[in-house]
Amino acid sequence: MRLTVAQALVRFLAAQYTERDGHRERLIAATWGIFGHGNVAGLGQALLESGPAAMPFLQGRNEQAMVHAAVGYARRRGRLSAHAVTTSIGPGATNLVTGAALATINRIPVLLLPGDTFATRPADPVLQQLEVPYAGDVSVNDTLRPVSRHFDRITRPEALIPAALQAMRVLTDPVQTGAVTLALPQDVQAEAYDWPPEFFAERVWAVRRPRPDLDELSRAAAAVRGSARPLIIAGGGVRHGAAQSALAEFAEATGIPVASTQAGKGALPYDHPADVGGIGHTGTATADELARDADLVIAAGTRLTDFTTASGTLFQNPAVRFLGLNLDPYDAHKLAGRPVVCDARAGLEELRAAVAGYHVDPGYERAYKERKSAWELLVDRAYAAPDEDAAPTQAQVLGLLDALVGPEDVLINAAGSLPGDLHKLWRTRSADQYHVEYGYSCMGYEIPAAIGVALAAPGRPVWALVGDGTYLMNPTELVTAVQEGLPIKVVILDNHGYASIGGLSGAVGAEGFGTAYRFRAADGSYTGAPLPLDLAANAASLGMAVIRTRTIGDLRKALAEARAADRPTCVYAQTRTPDTVSGPPPAQAWWDVPVAETATRKPAAAAREEYDRQAAQRRRHL
């Protein structure tokens, strides 16, 4: 079968499927693209020739944003279906790097197909080529190597066969998955070759569920039976492995409380008796108090990042030990944990059977449920909005949404102060309602990810919650939502600057330097009048229906209108700084951001004293 390399790749991708638990999905469901001289005559022509039935095409505006949209799609599809992203050479390819890092850190599959410089080098250099005097085989695509789980450059047509098969293997491996890059020189894309028909045969990639080793399971069961104050931390692996029911059954059988990371939040609904909310720096007082006293921590499908462990200061019980229930041995061994290397669902099911008859002391169970009830009163207080004519705080915006949405709604966020408020306050009602990207915490993720989720789950209300800083980073995919007729709901919270990092700056003695959106003052600092930005007008200029609000009453009506809308709609709200009553509870655990060891300014000196006090509580769990 004589086809170009690009045509062969598209035909091959159209025949790839995944299967898990008897459920089958197409692996590469669509291809995003922005065309330039590096891919327009290769992959562009191949996508045109194949037609939308074989490979649907989605037109993007920014290469990084296309990867974010692909990540949003794949996460919503449980990592069983993904998107490809094609770009030209040069800046189109390097724009992929941030999105690739986000996908790999969060372990979400996405196939990257950047164009590359000529393999045959008929003209050297070509337009946009990076010349590296010491290495003729290096191009800008090599920037994608450290952020890809698999990288290959296709310099000969026949090399596509093993490269494509390896790419599919990595994309469907629940441990190895992330960004997979196949760099495609522009001349090779257009080169024809006689392909074996078997290359295009339908192929099903089984997504496995490894069961735990019996010796590891036995040791884990003994640890659970020997614990008096155990705690489960549910991470993203619980959700990726569709282990929510297994987790609920384990918690109900044992009475062990369940805290969640950002990626794991929603593994149990907020009103489940064992749910104690988020854990770590942005967690609840309930979860963090349990973590400080726990003698056994079952880390299920989590990477145990610094936010989760409060930079190594959270787990203070001298006798605390860890069970690492994880697909990846690298994560299972963290904090000197007893590893249980397995799929989250399989591991929780078998561990429940292995500890049959074990249940925590009723007093422990009663105490954490009482603490959870007390925390919910703090959430009520932060959500309360008694003055309909006042401007809302950020927490009150979440409260209005909390009163409006149902289990079918999906909330998307990634950066700023919103992830912390959501982790502490949001009452998750379904297993996939909470979609916060916090592995990379990438500003600009929210809007394109909402597009990906809307493509993956048509008919469900999808909300992108963005601050003004995030909006200014990456608003361009609003055009894509309008073009595709996707009724995403974008809520812009305008607080005139980088509010989250501004607060952190104040806490670490940097006095909010460079974080407000203001004109320069006479002394050269950014302390003048606020900039006259009109983000609502900008969103409208990109084709969105826009609803401006000033008060809580306005916002309540606007959110309901947006939820009912059948076209892309933006709700714009200027938020106010909360007071001690209306604000969310402060951080319940520390986060290590090093403070200047020597400084002449008093705020920095005071911040260093507090830093030294907190850092002294750090532990090495050995």
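Anything mentioned here points back to the structure above.
These remarks concern the structure in this document. (Residues numbered from 1 in each chain as written. Predicted model: local features only at pLDDT ≥ 70, side-chain atom pairs only at ≥ 80, totals over all residues. Heavy atoms only, no water.)

## Overview of the overall build of the protein chain
Counting its regular elements, the protein chain contains 24 helices and 23 strands. Against the compact-globule benchmark of 25 Å for 622 residues, the protein chain has a radius of gyration of 25 Å, which places it among compact chains. C-alpha atoms of the protein chain, sized along the principal axes, occupy 70 × 70 × 55 Å. In the protein chain, which comprises 622 residues, the share counted as buried stands at 58%. Of the contacts formed within the protein chain by residues at least 6 apart in sequence, a portion of 77% connects residues at least 24 apart. (Helix = DSSP H or I, 4+ residues; strand = E, 2+ residues; numbered from the N terminus. Rg over C-alpha atoms; globule rule 2.2 N^0.38 Å. Buried < 20%, exposed > 50% of the residue type's maximum accessible area, 1.4 Å probe, protein only. Contact = heavy atoms within 4.5 Å.)

## Brief notes about the sheet that holds strand E15 (residues 296-300)
Taking strand neighbours across the sheet as the criterion, the six strands line up as E14-E13-E12-E15-E16-E17 in an open arrangement whose pairing is parallel. Each of the sheet's edge strands pairs with one partner strand only, and the pair in question is strand E14 (275-278) and strand E17 (338-341). Within this sheet the neighbouring strands show an average axis-to-axis angle of 20°, counted without direction. Pairing geometry for strand E16 (residues 321-326) and E17, over four bridges, is parallel. The partner of Leu323 across the bridge, within E17, is Arg338. Lying on the sheet, helix H10 (residues 244-254) is in contact with strand E12 (230-234), strand E13 (258-260) and E15; it crosses E12 at an angle near 170°. Helix H11 (residues 285-293) rests against E12, E13 and E14 of the sheet, and its axis sits at about 100° to E14. (Pairing = 2+ DSSP bridges. Axes fitted to C-alpha atoms, helices over the stretch in contact; angles between N-to-C directions.)

## What to know about H11
Taken together, the buried positions of H11 are Ala285, Thr286, Ala287, Asp288, Leu290 and Ala291. In this structure, the buried residues of H11 make contact with E12, E13, E14 and helix H15 (362-383).

## Some points on the packing of helix H3 (residues 63-76) against helix H18 (residues 446-456)
Interhelical geometry of H3 versus H18 gives an angle of 40° and a closest axis separation of 7 Å. By the angle class used here, H3 and H18 are oblique. Seen along the crossing, H3 lies across H18 with a hand that is right-handed. Along the contact surface, H3 presents Ala65, His68, Ala69, Gly72, Tyr73 and Arg76, while H18 presents Pro448, Ala449, Gly452, Val453, Leu455 and Ala456. (Parallel < 35°, antiparallel > 145°, perpendicular 65-115°, else oblique. Left-handed = near helix turned anticlockwise from the far one by under 90°.)

## Structural notes on the packing of aromatic side chains
Within the structure shown, the criterion is met by 11 aromatic pairs. Ring centres of Phe12 and Phe199 lie 4.6 Å apart, and the angle between their planes is 10°; on these two criteria the pair is classed as stacked. One end of the pair, Phe12, is in helix H1 (residues 5-13); the other, Phe199, is in the loop between strand E10 (192-194) and strand E11 (203-206), with 187 residues separating them in the sequence. The pair formed by Phe12 and Phe199 is uniform in burial state, with each residue classed as buried. Centre to centre, the rings of Tyr193 and Trp195 are 4.9 Å apart; their planes meet at 75°, and the pair counts as edge-to-face. What makes Tyr193 partly exposed here is its relative accessible area of 26%. Connected via pairs of aromatic rings, a cluster forms that spans Phe12, Tyr193, Trp195, Phe199 and Phe200. The ring of Phe200 carries the charged tip of Arg11 above its face, separated from the ring centre by 5.8 Å. The cationic tip of Lys265 hangs over the ring face of Tyr434; the distance from NZ or CZ to the ring centre is 5.5 Å. (Phe/Tyr/Trp six-rings, centres within 6.5 Å; stacked < 30°, edge-to-face > 60°. Lys NZ or Arg CZ within 6 Å of the ring centre and 35° of its normal.)

## Focus: the sheet that holds strand E23 (residues 569-574)
Judged by pairing direction, the sheet is parallel, and its six strands sit side by side in the order E19-E18-E20-E21-E23-E22 without closing on themselves. Where the open sheet ends on each side, the last strands, each with one partner, are strand E19 (434-436) and strand E22 (545-549). Ignoring which end each strand starts from, the neighbouring axes of this sheet average 20° apart. Inspection of the sheet shows strand E20 (residues 462-467) paired to strand E21 (residues 489-494) by five bridges, in the parallel sense. By the bridge assignment, Ala464 is partnered in E21 with Val490. The sheet strands contacting helix H16 (residues 394-404) are E20 and E21, and the helix crosses E20 at an angle near 175°.

## Side note on unusual backbone geometry
Note the cis peptide between Asp124 and Pro125, where omega equals 10°. Here Pro125 lies in the loop between strand E7 (110-116) and strand E8 (150-153). Of note, Gln128 is a non-glycine position whose phi angle comes to about 75°, a positive value. Among the structural elements, Gln128 can be located in the loop between E7 and E8. Given the relative accessible area of 36%, Gln128 is considered partly exposed. Look at Ala242: it is not a glycine, yet its phi comes out positive at around 50°. Within the fold, Ala242 resides in the loop between helix H9 (236-240) and H10. For Ala242, a relative accessible area of 32% gives the class partly exposed.

## Looking at the pattern of salt bridges
Counting across every chain of the model gives 36 salt bridges. Two residues, Asp173 and Arg208, come together in a salt bridge whose shortest N-O distance is 3.1 Å. Note that Asp173 is positioned in the loop between helix H6 (160-171) and strand E9 (179-185) and Arg208 in the loop between E11 and helix H8 (214-225), a separation of 35 residues in sequence. Classification of Arg208 as partly exposed rests on a relative accessible area of 44%. Note that Arg211 is salt-bridged to Glu349, the shortest N-O span being 3.9 Å. Separated by 138 residues along the polypeptide, Arg211 in the loop between E11 and H8 and Glu349 in helix H14 (residues 344-354) bring together distant segments of the chain. Within the structure, one salt-bridge network assembled from shared partners comprises Arg20, Asp21, Arg209, Asp343 and Arg345. (Salt bridge = Lys/Arg side-chain N within 4 Å of Asp/Glu carboxyl O.)

## Overview of the pairing of E8
Note: E8 against E9, four bridges, orientation parallel. Bridge pairing links Phe151 to Thr181 in E9. Remark: the E8/H6/E9 crossover connection has right-handed handedness. (Right-handed = clockwise from strand over helix to strand, strands pointing away.)

So far we have only geometry, and geometry alone does not tell us how the molecule works.
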